[in-house]
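Listed here are the chains, written in short residue letters.
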Amino acid sequence: MNRRRFLKLSAATCAALASLELENKGIFRPVASDAATCKGLPGSLGAKEVTSVCEMCFWRCPIVAKIKDNKLVKIEGNPKSPTNGHRVCARGNSGIQLLYDPDRMKYPMKRVGARGEGKWARITWDEALDEIAHNMKEVKKKYGPHALAMFDHGASAEFYREIFRATGTENFSNEPAFFQCLGPVSMAYLTTYGYQVSERVDMANAKAMLFFGSHLGENVHLSHVREYMKGLLRGAKLVVVDPRFSAAAGKADMWLPIRPGTDTALILAWINYVIQHDLYDKEFVHKHCKGFEQLRKSVRDCTMDWAARICDLNVDDMTKAIKMVAEARPRVSLHPGRHAAWYGKGDVQRHRAMGILTALFGSVGVPGGLYFPTPIHLGEADCLGEDEVDDLIEDVKPPETSLKDGYAFADIFPGSPTDAIIKATKTGKPYPVKLWGVCGVNLLQTISNPYQTMDAIKKLDFIFTIEVLPTEPAIWADIILPEATYLERYDAVHKKGNLYPYVTVRQPVVDPMFESKPPYWIARNLAKRLGYNLFTCKDEREFLNEQLEEIDLSLDKLSKAGGIVTFKANPYKDLNKPLGLNTDSGKVELYAESYDDEDLDPIPRFEPVPAPPKGYARLVYGRVPMHTFSRTMNNLWLSNECPEGKLWINDEIATRIGVKDGETVIMENQAGYRSNPVTLFVTAGIRPDTVYLPHGFGSRSPLLTKTYGKGASDQFMITNYRQDPFMGASGHRSNFVCLIKDGKKLSIPELRPLPPEIPRFKMRKAS
Amino acid sequence: MSQYAMVIDLDRCVGCHACALACRAEWNIPVPYRRNWVKRLGPAKTPYGMSYTFYPGLCNHCDHPVCVEVCPADPVKREFTDSKTGKKITMEIAATYKDPFTGAVLIDKERCLGCGSCVEACPYGARYLNENLDNPKADKCTFCMERVEHGEVPACVKTCITDARIFGDLSDKSSDVYKLVHEKGAKRLTSSEVNIGPNVYYMGSKKDLHLLAEKCTPHEKTWENVKAPTRRDVLMAAIKMVTEKA
Amino acid sequence: MHSKISYFLSRIFSYPEQDPVRAGLTQALAGLAADMDLDAAPSTDITWDLARVEYTRLFVNAVGGVPAPPYASVYRSGARILMQQGLDEAIGYYRQAGVEPDSGPEPADHISVELAFVARLLETGNRKLLKDFLRDHLLKWYPVFFERLLAAQPHPYYETAARLTRLFLQNLCQEDSYEQTTVS
Ligand code: SF4
Ligand code: SF4
Ligand code: SF4
């Protein structure tokens, strides 16, 4: 084209353009006079600071956001925080990359192609919320309230949960985080100690620490890692029991590479040993525990020799380790653990055994042991409408067969076992589940047997997700709502009642980008459409102030105090007085009568879990410190730091089967499912019968440009699982893999022979 | 004269990578480049037992910075002032230079030709050339001198979740780094071939230091392989810079 | 008239709030393409629904990642994320022209905002600034964006718009007498 032509427009075109009313329609405005910038100082120096709370993981460290020119430039820890101070971890530092990720959900979307195809059109919030409300009403009308189910995780879920509760469904909060992770340990410590011990273990003041399969340091919960490090620097001994040489094992005095699935045998033998050798705290047991005699009798036959054979350990090491720990009593931090859904069946009992050993050391309510929470009583924000919900569901009948049936203690926890919901959705039994709301949880990378989950989704009438990033479930959703990131919103008041109790709030550090909305707004507008009079506070500030009022605080006061207010901790107990625990007996329950009533063992017994079939190794999984679950893999910075997990394999096995470090292989599990290609890491730091893969990689969401298809997913290898009989958590570690290299199957030789007590997993024909 | 230095305590380090990311955030370093890194080492057997440790690394602000020697930019006179004493020194410097008062090895971005010689020269791989810029420039850790001047500590030190990074003035006998280096025996990552006086020191258990030394000590005299850019290349680069500024 | 063209292109690159055929956008697009000798496939078959789906796929969220995120920031210095150097540059130019973006929910380095800015500079006759803006900013990233957009095989409606925009911007940049538009 030449210049003359460029300049020449036909009259018709001019007319067409003229008719379009094209002008500067509010795209620009004159520069405001205060457009001054803080450009002068380098890096994050001189930036405006806004305090808030991190949510890159759920430890929720207090942070300050540094803002320049209305842009977030850096995140640091809140120096006023008694736990992390000015520090944040790798993920905390990378929050900017979530906020500014071009892949994030920007507008409400409606599916236009087939479910799973991933074709959408942007729609308005009105259209999106109308559609969700319409479908919720329809499904409820057609199938009854229990046909609705919500899967949730994270701070924002609280508001949505209220809505689902108001529908009357028994499936209103089904946290995979509970049913795939914490459930068994919560149950065990509730029974034994009457409170959710969680991670309330005073490692900073310990003289010895004992970990079972913990990945502290690889799983970074910042202040928790600091307490652990403080303990180590003060000279605490550390014993790590783990089939893998973990980061913690690297700092340990002793590493016991136990055969997976046999921890309970080791603990019972140790319990027996400390009783036999008078290495326990008699006074504590006498005053504060119930059922010692039964315990003593029950573990009588659990000898060190027996355990050594079961656990594939050496008696001298086991003895040395338990002596080292026992000598430090009562300052023993036996970590209760976090992810406890290992095998399904024996999980609660394993953690019960850990709790019992802790009690024998008298490590309860004393420095270095388990400690007690310091409650902070916030006001009830009426505006949430909890009373209203109670009225709404007054007349709702429970289902004839509940999804909790068959689990003796499922009733004490909200929601239903995820496994039961998925199966009900897939089969229509015991009753149909037809609508899912999914909020902040990646169902396919979290719940055992994702293939089954996908089948279930296909049976739904309607599924919507509320997301920051388009993770796997989004591909399946009919409507996706874009939620504001943790940096763009308020959430409920954040209180922590641990060793350094404090209250702080999350608040927006920048305005929500695009049309993403904060959870309170979304919940409020959805509730309105459903005809529920919930969330009467006009906004989050009003609601937060209502909560804070009770402790004589307000958002303004909090902000003047640097975003955080601390309280005195009350973690230890006077052991001369009764502990007054919230258990049946008020004491530490070594013997759990409530279990007996349900035909469950009142004192833990060792029940073997099947060993790998010939030619296979057990797949275990864990964490890398730069990632949280499967949530952060699309973060440009974190993905650059760790794009994929490597499969750890024992060096001797590698030599035998002819694979090398850095080579790429494929895993095939016992049911014939194959993984994405995965890179091998050959090391002496893992048992020969076990392989290990960091969790959360191998994304199957092609919407996540930075992580799609990178590495292999452990979850897609986890197809065999079992429920625990207490509350229905699904154990994940009953899966076995062999390797495939260049199309050839490599079977894993058995270097450590099995004792007769341990059965072998029976292979069914591959599907 | 000061020499800033850093000591990294591997007993404390849990390999969380916070340091690497705080640096990236503070200076907005684009992926895949980096000024600061953490390498995961092991688990592997050592003569002292199994080790699983980490190599948190950055520019060493060496006593004899070979990166400075190879910089072909025409030297200019520059006056340096000691922020403590007010003392002044005038020195001829190329585009990259070692500050006589802080010991920090820095880059004058305005005058960097983007030839990449220094990147090749550094035996620690501490430098990079950002090819994505309209005018590529060499870049690396500055010991956060811009922050230190404002009374702040380096970004990696500030965020380190276990306080494993200790920063200070090695010429100051009361400083923590002085004590750790001279009394606690913190060690440099050097070999008989590459011994250019790095000012990042490491301490920790025998097994961890053994693995670190085995995996991460440089042995190649990388600077000897740097092909000096021809006179013509330098001239062309300089001309390009001048015209682009205009 | 040039500012009109630029406003027009800005409109096409924003989310289709109207039916492109009924609103006369396809007609104007075809006219412009013909006037500028651009060999363009007809795009009058685009329905409003189709435009919304296609815009979503190309620029909002899509399987495989959005092929062509329409933000300067993603391309400048290879940053690959929002709100970086690309945005700083854009805002710097806006301020030089005495304005600030008021672009609603979209970041101000969205292609549609930048084209509206070009239109504004054409309107106000700020030739020097326009030249700098094009040479040192918009044309530094538009070509990469353009390549990525075309690789995604967009509907002819968006393809023509993209080609037209490239031609238009290149010519603006070369042209020193563009303000003397002639109408035949
Ligand atoms: S541990 Fe890290 S990711 Fe988790 S809340 Fe703290 S800073 Fe954030
Ligand atoms: S580490 Fe490399 S870049 Fe840093 S001063 Fe030494 S030689 Fe130069
Ligand atoms: S921040 Fe500290 S603990 Fe974490 S990797 Fe860096 S040096 Fe190690």
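First, a word on scope: everything that follows refers to the structure included in this document. (Residues numbered from 1 in each chain as written. Chains lettered and ligands numbered in written order. Predicted model: local features only at pLDDT ≥ 70, side-chain atom pairs only at ≥ 80, totals over all residues. Heavy atoms only, no water.)

### Some thoughts on the overall build of chain B
Heads up, the rule is: A helix here means a DSSP run of H or I that spans at least four residues, while a strand means a run of E at least two residues long, and both kinds are numbered starting from the N terminus. Buried means the residue's accessible area, taken with a 1.4 Å probe over protein chains only, is under 20% of the maximum for its type, while exposed means over 50%, and partly exposed covers the values in between. Contact between two residues is taken to exist if any of their heavy atoms lie within 4.5 Å; hydrogens are not considered. Each accessible area is a Shrake-Rupley estimate made with a 1.4 Å probe; only the visible protein chains count as cover when residues are assessed. By the counting scheme adopted, Arg and Lys are positive, Glu and Asp are negative, and His together with the chain ends is not counted. Charge coordinates come from a single atom per side chain, which is NZ of Lys, CZ of Arg, CG of Asp or CD of Glu.
Looking only at helices and strands, chain B has eight helices and 12 strands in total. Projected onto its principal axes, the C-alpha coordinates of chain B cover approximately 60 × 40 × 35 Å. Within chain B, the proportion of its 246 residues that are buried is 61%. When contacts within chain B are restricted to residue pairs at least 6 apart in sequence, those whose partners lie at least 24 apart make up 63%. Carbon and sulfur atoms make up 52% of the accessible area of chain B, which totals about 10800 Å². Chain B carries 35 positive and 31 negative side-chain charges, and their two centres are separated by 3 Å.

### A look at the site of ligand 1
What counts here: Any residue with a heavy atom lying within 4 Å of a molecule or strand is counted as near it. In this classification, Asp, Glu, Lys and Arg are treated as charged, Ala, Val, Leu, Ile, Met, Phe, Trp, Tyr, Cys and Pro as nonpolar, and every other residue, Gly included, as polar.
Neighbouring ligand 1 are the residues Cys-54, Met-56, Cys-57, Trp-59, Arg-60, Cys-61, Val-88, Cys-89, Arg-91, Gly-92, Val-220 and Leu-222 of chain A. The residue inventory of the shell around ligand 1, partitioned by class, reads nine nonpolar, one polar and two charged.

### Digging into the pairing of strand E22 (residues 647-650) of chain A
Residue and element names in this part refer to chain A. Basically, it comes down to this: The pairing criterion is simple: DSSP has to find at least two bridges between the two strands.
Here E22 shows a buried face lined by Leu-647 and Ile-649 and a second buried face lined by Trp-648 and Asn-650. Of the pairings in the sheet, the one linking E22 to strand E24 (residues 678-683) comprises four bridges and is parallel in character. Of the residues in E24, the one forming a bridge with Trp-648 is Phe-681.

### Things to note about the site of ligand 2
Close contacts around ligand 2 come from 13 residues, with Cys-59, Cys-62, Cys-67, Cys-122 and Arg-127 of chain B the closest. Residue classes in the shell around ligand 2 are distributed as nine nonpolar, two polar and two charged.

### Description of the side chain of Asp-202 of chain A
Looking at the element boundaries, Asp-202 of chain A is found in the loop between helix H7 (176-193) and strand E9 (208-212). Not counting residues up to four positions away in its chain, the partners in contact with Asp-202 of chain A are Ser-333, Val-366, Pro-367, Gly-368, Gly-369, Tyr-371, Leu-499 and Tyr-572 of chain A.

### Examining the environment of Lys-517 of chain A
Following the sequence through the fold, Lys-517 of chain A ends up in the loop between strand E18 (502-504) and helix H20 (519-530). When near neighbours in sequence (up to four residues on either side) are disregarded, Lys-517 of chain A contacts Trp-125, Pro-482, Glu-483, Ala-484 and Ile-522 of chain A.

### Overview of the sheet that holds E18 of chain A
Residues and elements named next belong to chain A. Stated formally: For helices, the fitted line uses only the C-alpha atoms of the stretch in contact; every axis is such a line through C-alpha atoms, and the angle between N-to-C directions lies from 0 to 180 degrees.
A sheet is described by the order of its strands in space; here three strands give the open sequence E17-E18-E19, paired in antiparallel fashion. The sheet is open, and its two edges are formed by strand E17 (494-496) and strand E19 (564-566), each paired on a single side. Along the sheet, successive strands turn relative to each other by an average axial angle of 15°, direction set aside.

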